[in-house]
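Overview (structure and organization)
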Amino acid sequence: MKKHLTLIALLGALFATAGIAQAQNSTDTKTTAKKKVTKKVPAKKAAAAAAAAPAAKMPFSSDAEDDDSEPELGGTLSADYQCELGNKLTIWKNESDDKHIAIRWNKRIHRLTRVDTTTGANRFENHKMGLVWIGIPAKGLLLDSKKGQQLANECKNADQLKAAATAGAPAVAAAQQN
């Protein structure tokens, strides 16, 4: 019987020391695991932080074809346009640069580059966004070339609205006289 008790005691001691050694190893791996774990920023937060950071602004009169960057608007003249269906947009022009304009559409400012036309209309495009601005003396038109649809039509600035009102007044007076 003493042999059995001695054997059980030895086995107990063996398991106890093995359990302690295993517990120490697991504690060591937990502490090393804690040291190795780095705090990761969720993808959504990283994307939001990147979007919140201001993008580098491109010089207004740069010849580079960068349709993504917002143009620097310092030293430019702006004109607000009222369009049909209550749409509004703003266009900035630099007197020293007739090759580019900047346009605010949907709370974003886009840089558009002049495209030569045979009709004499002022046509500006942003290929990346698909925006096309066509300006004639009487009005302007904003198109989405990617979707093939009009975004804003009958866009007129203050001068064009005044000219349309004065041109319409004689026509109304002539109609009333007849």
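All figures in this text were calculated on a predicted structure; none of them were measured in a lab.

The antiparallel open sheet is built from eight strands, whose spatial order is β1-β2-β3-β4-β5-β6-β7-β8. Each edge of the open sheet carries a strand with a single partner, namely β1 (77-82) and β8 (149-155). Taking the axes of each pair of neighbouring strands and ignoring which way they run, one obtains an average angle of 25° across the sheet. Where strand β2 (residues 88-94) meets strand β3 (residues 97-105), five bridges bridge the pair, whose relative direction is antiparallel. Counterpart to K93 in the pairing with β3 is I101.

With that out of the way, let us pick up the pairing of β3. Side-chain direction in a regular strand flips from residue to residue, so the side chains alternate between the two faces of the sheet. Counting the residues that bridge the hairpin from β2 to β3 gives two residues. Across six bridges, β3 lies against strand β4 (residues 108-115) in antiparallel orientation. Within β4, the residue paired with H100 across the bridge is T113.

This brings us to the pattern of salt bridges. It is possible for side chains bearing opposite charge to pair when their charged atoms get close. In the structure shown here, the tally under the stated rule is two salt bridges. Note that E125 and R123 form a salt bridge whose closest N and O atoms lie 2.7 Å from each other. E154 is paired through a salt bridge with K139; the nearest N and O atoms lie 3.0 Å apart. Residue E154 is found in strand β8, and its partner K139 is found in the loop between β6 (131-135) and β7 (140-144); the two are separated by 15 residues along the sequence.

Analysis parameters
Within any chain, residue numbers begin from 1 and follow the written order of that chain's sequence. Two thresholds apply to this predicted model, a pLDDT of at least 70 for residue-level local features and 80 or more for giving and counting side-chain atom pairs, whereas whole-chain, interface and lining totals are computed over all residues. Calculation of side-chain values draws on the structure's entire complement of heavy atoms; hydrogens and water are dropped beforehand. DSSP bridges decide pairing: two strands pair if at least two such bridges lie between them. Secondary structure elements follow DSSP: runs of H or I of four or more residues count as helices, runs of E of two or more count as strands, with numbering from the N terminus. Between N-to-C directions, angles span 0 to 180 degrees; the directions come from axes that are lines fitted to C-alpha atoms, helices contributing only their stretch in contact. One speaks of a salt bridge when a side-chain nitrogen belonging to Lys or Arg is within 4 Å of a carboxyl oxygen belonging to Asp or Glu.

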